[in-house]
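Breakdown of the fold
Now for the letters of each chain:
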Amino acid sequence: AGQLALSFYLGINMAETYLTLTNKVIARLNEVALTSSTFSSARGIQVQCQNAVNESIRYINQKEFQYPFNHATDTEVLTAGTVKYNIPATAKTLDYNTFRVVKDSDIGASGGRLYTINYNDYVNTYITQEDEIVTTTLSESHTDSVTTLTVASTTDFDSSGTVYVGNEIITYTAIGSSTTLTGCTRGASSTTASAHASGVQVAQFEGGGIPQYVIRAPDNNYILYPFPIKSYTIKYDYFTFPTDMTAHGDTTTVPDRFAAVIIDGATAFVYQYRGETQQYQLNFGRFEQGIKNMQTLLINRYDYVRSTYIPKGGGSNSSDLNIRIN
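Here is a short report on the structure shown in this document. It should be emphasised that the depicted structure is a prediction, and the values quoted were computed from it without experimental measurement.

Quick word on the layout of surface pockets
- A volume near 170 Å³ is recorded for the second largest pocket.
- Taken together, Asp 106, Ile 107, Gly 166, Asn 167, Glu 168, Ser 190, Thr 191, Thr 192, Ser 194, His 196 and Lys 230 form the lining of the second largest pocket.
- Looking at the lining of the second largest pocket residue by residue, the class counts come to one nonpolar, seven polar and three charged.

This is the structure in structure tokens:
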């Protein structure tokens, strides 16, 4: 209590924690507050308040997909011959208009954005790229000079040809066995011979290149066309769906200035648990209004329309009239 009082006196903004949010709900219900030492052993109404805080935050996040406080950026290093990639485990929605290739002159990537196409168009026009790829993995580590690649399987690989491992292109003259590619020339096609770890993908294909299009797959992951032939890096923006708080010191991504909205929602849910309909409706109505205020402050965008009007007849006295609509 002394620390809170001192922080208030000094004007320090204390971050709202799972404990402080829960206790504010408990205070509204005139129940016994928790401490950091009793938080994990809470019982009865106190546990209901803990659960209600998380439920309130989940509801806030479900009402809007693109709160700026949930914004994140992902960086993905691509694998030669891999078409499909998984989105982050915490992602709620991806902004497909932000996909871009990172400039890397060492591997010939000039950078630039990717364009989106829908999955049906991809199936109708480009999906055959997936039939061009055969993959396996290295079954042991390899130095940058060995001339035999030991792989998990050589099934479906050409009797001689070219494979892609990381950023290195390797040619081989024969399949030595069901698990070896022999007569390898390292660092082919002006690439650099490199050491590779066990488990790294080995791919054989025709086509491919620097990705130009991104496609949202039916399982909510994403597909690239053309598939990469090197370890290009892509970046994109997305919005997270945060995990529930569990420990007393955990904090939420919702800014502290909206703590009252969280508490209104949590209080409403506790009253709902207890079957107190009138108090539930009163607090839930305030909760919904608080969420609308959050959306107004954080989400609404103002479009600017500029029009130039030239008075009839023109002449030296005519002037442009710039109109801006907010």
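More follows now that the structure is in view.
Details of unusual backbone geometry
- Note that the residue after Tyr 225, namely Pro 226, is joined by a cis bond; omega there is -10 degrees.
- Mapping Pro 226 onto the fold places it in the loop between β15 (222-225) and β16 (233-240).
- The phi dihedral of Ser 190 falls on the positive side, at around 65 degrees, and the residue is not glycine.
- Residue placement: Ser 190 occurs in the loop between β12 (185-188) and β13 (201-204).

Concerning the side chain of Thr 267
- Along the chain, Thr 267 turns up in helix α5 (residues 259-273).
- The exposure class assigned to Thr 267 is buried, which follows from its relative accessible area of 1%.
- Those residues in contact with Thr 267, other than ones at most four positions away along the chain, are Val 25, Arg 28 and Asn 283.

Quick notes on the side chain of Asn 54
- In this structure, Asn 54 sits in helix α3 (residues 45-62).
- You can call Asn 54 buried: its relative accessible area is 8%.
- Residues contacting Asn 54, with those up to four places away along its chain left out, are Tyr 18, Asp 244 and Met 245.

Focus: the nonpolar core
- Among the nonpolar cores identified, the biggest contains 35 residues, and Val 25, Val 53, Ile 60 and Met 294 are the most heavily contacted of them.
- Listed by contribution, the elements that provide at least two residues to this core are α2 (18-28), α3, α5 and α6 (277-298).
- Here this core takes nine residues from α5, the largest share from any one element.
- With residues up to four places along the chain from it excluded, the contact list for Met 294 reads Ile 60, Tyr 67, Phe 69, Val 254, Phe 258, Val 261 and Ile 299.
- By size, the runner-up hydrophobic cluster in this structure holds 19 residues, among which are Tyr 85, Ala 91, Phe 99 and Tyr 236.

So, how was this worked out
Each chain carries its own residue numbering, running from 1 in the written order of its sequence. Totals for whole chains, interfaces and linings use every residue, but because this is a predicted model, local features are given only for residues with pLDDT of at least 70 and side-chain atom pairs only at 80 or more, for both listing and counting. The side-chain figures draw on all heavy atoms in the structure; neither hydrogens nor water molecules are used. Only protein atoms enter the 1 Å grid used here. Points where a 1.4 Å probe fits but cannot escape make up a cavity, open sets with protein on both sides within 12 Å along at least five of seven lines make up a pocket, and a residue lines them when an atom lies within 4 Å of a point. Grid points are joined across faces, edges and corners, and a volume is the space filled by probe spheres set on the points. Gly is put with the polar residues, along with every residue not named as nonpolar or charged; the nonpolar set is Ala, Val, Leu, Ile, Met, Phe, Trp, Tyr, Cys and Pro, and the charged set is Asp, Glu, Lys and Arg. Going along the chain from the N terminus, every DSSP run of H or I of four or more residues is numbered as a helix, and every run of E of two or more is numbered as a strand. Each residue is assigned to one of three classes by its accessible area relative to the maximum for its type, calculated with a 1.4 Å probe on protein chains only: buried under 20%, partly exposed between the two thresholds, exposed over 50%. A contact between two residues is defined here by any heavy atoms of the two lying within 4.5 Å. Residues belong to one nonpolar core when they are buried, are Ala, Val, Leu, Ile, Met, Phe, Trp, Tyr or Cys, and are joined through side-chain atoms within 4.5 Å.

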